[in-house]
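# Summary of the model geometry
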Amino acid sequence: MKKRRLKKSAIIASAIAALVIIVLISIIIFVKHITSSEYKLEKLGYNEKQVSEIIKLKKEKFFLNNDYNENYLPLMNEKYYLEKNLNNYLSYIKDLKTEKKKINYSDVISKVNVKASNGFYKNTKEADTKKGNEVLVNKFYYLTKDYDPGEIVDMSNWYAFEGRKIKKEVYDAFIEMHNAAKKEKINLIANSGYRDYNYQTKLYNEYKDRDGSEYADTYAARPGYSEHQTGLALDIVSYGATMENFDKTDAFKWLQENSTDYGFILRYPKDKEYLTGYSYESWHYRYLGKDLAKKVKDSGLTYDEYYAYYLDK
Ligand SMILES: [Zn+2]
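Keep in mind it's a predicted model, so treat the numbers as computed, not measured.

Quick look at the coordination of the zinc ion now. Within the protein, the atoms that donate to the zinc ion are His-228 (NE2), Asp-235 (OD) and His-284 (ND1), at distances of 2.1 Å. Of note, the zinc ion draws all its donor residues from one chain, in the sequence arrangement H-x6-D-x48-H. Separated by 56 residues along the polypeptide, His-228 in the loop between helix 10 (213–219) and strand 6 (233–238) and His-284 in strand 8 (residues 281–287) bring together distant segments of the chain. Residue classification places His-284 among the buried residues on the basis of a relative accessible area of 3%.

Shown next as structure tokens:
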């Protein structure tokens, strides 16, 4: 009789112990769940798919410290997203929404990165000339009146129209390219090279008087903002072609395939006016040196975008 009672209470005790353990485990699981990033992110308004993207990006901390925003993830998933530009991306998106424009996140990133989202010639600053051949001069980065481009040399009539000048290193590269093209019966000729500040002023004013400043701005740089003032840019054409039809020539085709082997890139490509600020110029080439020229071409980016993402540090 006593033995059986003992056995019974042992069973009850074990059952209670088991129950306590189950309850404890459940509490632990529950607490773990409600303190998890996943749970908190869902509470903030992100769905399951977004939560897993956030975790994949390792951005839990950022998202947990900020209110829900539908733009964060699409921006951060873009290849050329730059953390330092986040607020500018968001305010540009806000502007686009106010204007009832469609949001293309890739364009938002590109435009903000190159600073074109506020309009050209806005928030300009002096170009970082310490970067040497990598220097970026565009409608946001200017050269001062007294900028010293280094050794500028006269170009021979063999390679250029009368009186053209260019930086020595660029001249050497151009001669090498000219000779290589010549072997394939292509005759490359420089139509414009180094232009100093005063010459650019004269040129721009002529265009402005003729076409008005709004139109002149689409094809000519304001003084200080011309890449030609670096001594690193050349306008290249071939005999018999005008600048306007140059992109229909074999010379242009040859440059498309080979120019980076000599350190030159096409600087103002087609359909990139919204980033470069210039209409397509099949004749304007920028010297960057062989390595960088190849990298820029392979990236498929304009130099403005490439610089903003990789070099502006
Ligand atoms: Zn040019």
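Following the structure, the description resumes.
With that settled, consider the sheet that holds strand 8. Pairing within the open sheet is antiparallel, and its four strands lie in the order 5-6-8-7. Two strands in the sheet have a free side with no partner beyond their single neighbour: strand 5 (188–192) and strand 7 (264–268). Averaged over all neighbouring strand pairs, the angle between strand axes comes to 50°, with direction disregarded. The pairing of strand 7 with strand 8 spans four bridges and is classified as antiparallel. Paired with Ile-265 across the bridge in strand 8 is Arg-286.

This paragraph deals with the packing of helix 6 (residues 86–98) against helix 7 (residues 105–113). Packing of helix 6 against helix 7 leaves a shortest axis separation of 10 Å and a crossing angle of 120°. Of the possible angle classes, the one that applies to helix 6 and helix 7 is oblique. Seen along the crossing, helix 6 lies across helix 7 with a hand that is right-handed. Residue-level inspection shows Asn-88, Tyr-89, Tyr-92, Ile-93 and Leu-96 of helix 6 in contact with helix 7, the latter providing Tyr-105, Val-108, Ile-109, Lys-111, Val-112 and Asn-113. Partitioned by chemical class, the residues of the contact of helix 6 with helix 7 number eight nonpolar, two polar and one charged.

Here we take up empty space enclosed by the protein. Counting across every chain of the model gives one cavity of 30 Å³ or more. Computed from the structure, the largest cavity encloses a volume of approximately 40 Å³. Elements represented by at least two residues in the lining of the largest cavity include exactly helix 7 and helix 14 (303–311). The residue makeup of the lining of the largest cavity, split by class, is three nonpolar, two polar and one charged. When residues are assigned to domains, the lining of the largest cavity turns out to be shared by domain 2 (69–113) and domain 3 (126–311), each giving three or more.

What counts and how
Residues numbered from 1 in each chain as written. Predicted model: local features only at pLDDT ≥ 70, side-chain atom pairs only at ≥ 80, totals over all residues. Heavy atoms only, no water. Donors = N, O, S within 2.8 Å, 3.2 Å for Na, K, Ca; no water. Helix = DSSP H or I, 4+ residues; strand = E, 2+ residues; numbered from the N terminus. Buried < 20%, exposed > 50% of the residue type's maximum accessible area, 1.4 Å probe, protein only. Pairing = 2+ DSSP bridges. Axes fitted to C-alpha atoms, helices over the stretch in contact; angles between N-to-C directions. Parallel < 35°, antiparallel > 145°, perpendicular 65-115°, else oblique. Left-handed = near helix turned anticlockwise from the far one by under 90°. Contact = heavy atoms within 4.5 Å. Nonpolar A, V, L, I, M, F, W, Y, C, P; charged D, E, K, R; others polar. 1 Å grid on protein atoms, 1.4 Å probe; cavity = no way out; pocket = protein on both sides within 12 Å on 5 of 7 lines; lining within 4 Å. Points joined across faces, edges and corners; volume = space filled by probe spheres on them. Domains from an automatic or database assignment.

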